[in-house]
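Here is how the chains run, residue by residue.
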Amino acid sequence: MSFKDRFGAFSETSAQAPGRVNLLGEHTDYNDGFVLPTPLPYFTYVEADRLEGRIEGYAENFGETRSRSLDQGKQGDWLDYLAGCVWVLRTAGYQVPGGRFYVRSEVPMGAGLSSSAALEVATLRALRALYRLPLDDKQIALLAQQAEAEYVGVRVGIMDQMASSLGQPGQALFLDTRTLDYQLVPLPAGYKVAVVDSAVPRRLAEAGYNERRSQCEEAARLLGVKALRDVGLERLNEVEALPEPLGRRARHVITENARVLEGVTALRSGDIRRFGELMLASHRSLRDDYEVSIPALDRLVDLAMQNGAAGARLTGAGFGGAIVALVPEQEYERFKAGLSRGYPQARFV
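Residues numbered from 1 in each chain as written. Predicted model: local features only at pLDDT ≥ 70, side-chain atom pairs only at ≥ 80, totals over all residues. Heavy atoms only, no water.

Draft legend 1. Inspection of the overall build of the protein at higher detail. Check the secondary structure of the protein and you find eleven helices and eleven strands. Computed over the C-alpha atoms, the radius of gyration of the protein is 20 Å, within 12% of the 20 Å expected from 2.2 N^0.38 for a compact globule of 349 residues. Along the longest, intermediate and shortest principal axes, the C-alpha atoms of the protein span 60 × 50 × 35 Å. Every one of the 349 residues in the protein was classed for burial, and the buried ones make up 57%. Counting contacts in the protein only where the partners sit at least 6 residues apart, residues at least 24 apart contribute 70% of the total. Split by element, the accessible area of the protein, about 14,100 Å² in all, is 47% carbon and sulfur. (Helix = DSSP H or I, 4+ residues; strand = E, 2+ residues; numbered from the N terminus. Rg over C-alpha atoms; globule rule 2.2 N^0.38 Å. Buried < 20%, exposed > 50% of the residue type's maximum accessible area, 1.4 Å probe, protein only. Contact = heavy atoms within 4.5 Å. Areas by Shrake-Rupley, 256 points an atom, 1.4 Å probe, with all protein chains shown as cover.)

So, in structure tokens, the structure goes:
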């Protein structure tokens, strides 16, 4: 089906945005820290046309049409993401009377690969073109985050939207989530960023995410700082003296920030061995200190390292979803075969 098949007319504009995978820097973005994502070659596509006073959308992946008036508010369904994009633009003072959208996505949902951010960024790009709005890609990312946090109601950090809006193929996006300063860092030649979905849905991710975020805020308060970004490795003794589990939660964030900074240096110098070690250390910290891994993800990381990966770790919020591995291109077929044997339900993204 096409936009014309569904709505009886051609769309006026179209846009797209990629999913992302995070190489290092998990659960640091909402702590004002550092992250290192890279875009994936999988996109969400949005076609759009003008509509007065309403939001109407067709999701090809669901085979479903939904519609509501602008004043209805959040309904708890996928149309919230489109409606939130219209809402955030109107809240910012832009003249956006509504819209009709046709959505198709290649980004796996529920795997921690930012399918929601890709949808928001693609929708805002389509609205930018449709209504000729003076927005750059960084503004698009900020508006997308605001739509998800304030309209949809998920307290996300800025990483996913920035990676989807500003990321470039073959480059890692080194982002300071406090200042929004960013640099593109080339990924190593001859290596593939492999994403393997555990096929375990992230059923606890939202509740666990919100709990971890609150624990980090409390740890920062007890340490007397605005955010855990402001605590360096030299204060780990104080961090480890915090009541549990706050000490372990804070220790993950502080050491993960350090891993991102060292990882950028390793990539720039071509030290792939060290970068792989940092990925593994990140996974151990997410498993033991942040407690967001599950046995399926631990198993996939072990299998990845047994089958040629330079490094591997869970990616995304955890509690299910996917791992990311850095694999020499000449080892990739062996890597896939080994993971398929050891974990038959693995899905290669």
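Draft legend 2. Looking closely at the packing of aromatic side chains. Applying the stated criterion to the full structure yields nine aromatic pairs. Aromatic pair Tyr58 and Tyr102: ring centres 5.1 Å apart, planes at 40 degrees, arrangement tilted. Of this pair, Tyr58 sits in strand β3 (residues 54–59) while Tyr102 sits in strand β5 (residues 99–105); the two residues are 44 residues apart in sequence, bridging distant segments of the chain. We classify Tyr102 as buried; its relative accessible area is 3%. With a centroid separation of 6.5 Å and 70 degrees between ring planes, the pair formed by Phe335 and Phe348 is classed as edge-to-face. Placement of the pair is Phe335 in helix α11 (residues 332–342) and Phe348 in strand β11 (residues 347–348), with a sequence separation of 13 residues. Assessed through its relative accessible area of 0%, Phe335 is described here as buried. Among the aromatic residues, those joined into a ring-pair cluster are Tyr332, Phe335 and Phe348. Positioned above the aromatic ring of Tyr332, the side-chain terminus of Lys192 is 5.0 Å from the ring centre. Above the face of the Phe348 ring, Lys336 is positioned so that its terminal group lies 5.4 Å from the ring centre. (Phe/Tyr/Trp six-rings, centres within 6.5 Å; stacked < 30°, edge-to-face > 60°. Lys NZ or Arg CZ within 6 Å of the ring centre and 35° of its normal.)

Draft legend 3. Region of the structure containing the nonpolar core. Of all hydrophobic cores here, the largest spans 75 residues; its most connected members are Leu82, Leu89, Phe101, Leu124, Leu127, Leu228 and Phe335. Here the element with the most residues in this core is helix α3 (residues 115–131); it accounts for eight residues. Core analysis: the next-biggest nonpolar cluster, separate from the first, contains 23 residues, Leu36, Val185, Val260 and Ile272 among them. (Core = buried A, V, L, I, M, F, W, Y, C linked by side-chain atoms within 4.5 Å.)

Draft legend 4. The pairing of β3, seen in detail. Summarising burial for β3: five of the six residues are buried, a large majority. Where β3 lies against strand β4 (residues 64–69), six bridges are found, and the strand directions are antiparallel. Bridged to Tyr58 within β4 is Thr65. Connecting the antiparallel pair β3 and β4 is a turn made up of four residues, with Gly63 showing a positive phi of about 65 degrees. Direction of pairing for β3 relative to β5: parallel, over a ladder of five bridges. From the neighbouring strand, Tyr58 faces β5, where its bridge partner is Tyr102. (Pairing = 2+ DSSP bridges.)

Draft legend 5. Just helix α10 (residues 295–306), in detail. Over its twelve residues, α10 runs 16 Å from end to end, which matches the ideal 16 Å to within 8%, given 1.5 Å per residue. Lining the buried residues of α10 we find β8 (191–197), α9 (272–288), β9 (311–315), β10 (322–328) and α11. Just downstream of α10, Gly308 is the residue with a positive phi angle, here 100 degrees. (Expected span 1.5 Å × (residues − 1).)

Draft legend 6. Fine view of the packing of helix α2 (residues 79–91) against α3. Interaxial distance between α2 and α3 falls to 9 Å at its minimum, and their mutual angle equals 50 degrees. Put simply, α2 runs oblique to α3. Of the two elements, α2 crosses α3, and the hand of that crossing is right-handed. Contacts between α2 and α3 pair Tyr81, Leu82, Cys85, Val86, Val88 and Leu89 from the former with Ser116, Leu119, Glu120, Thr123, Leu124 and Leu127 from the latter. Looking at the contact of α2 with α3, its residues break down into nine nonpolar, two polar and one charged. (Axes fitted to C-alpha atoms, helices over the stretch in contact; angles between N-to-C directions. Parallel < 35°, antiparallel > 145°, perpendicular 65-115°, else oblique. Left-handed = near helix turned anticlockwise from the far one by under 90°. Nonpolar A, V, L, I, M, F, W, Y, C, P; charged D, E, K, R; others polar.)

Draft legend 7. Spatial organisation of the packing of α10 against α11. At a minimum axis distance of 9 Å, the contact between α10 and α11 shows a crossing angle of 140 degrees. It follows from the interaxial angle that α10 and α11 lie oblique. α10 and α11 meet at a crossing whose hand is right-handed. Contact with α10, carried on its side by Arg299, Leu300, Leu303, Ala304 and Gln306, involves Arg334, Phe335, Gly338, Leu339 and Gly342 of α11 and no other residues of that element. Split into classes, the residues belonging to the contact of α10 with α11 amount to five nonpolar, three polar and two charged.

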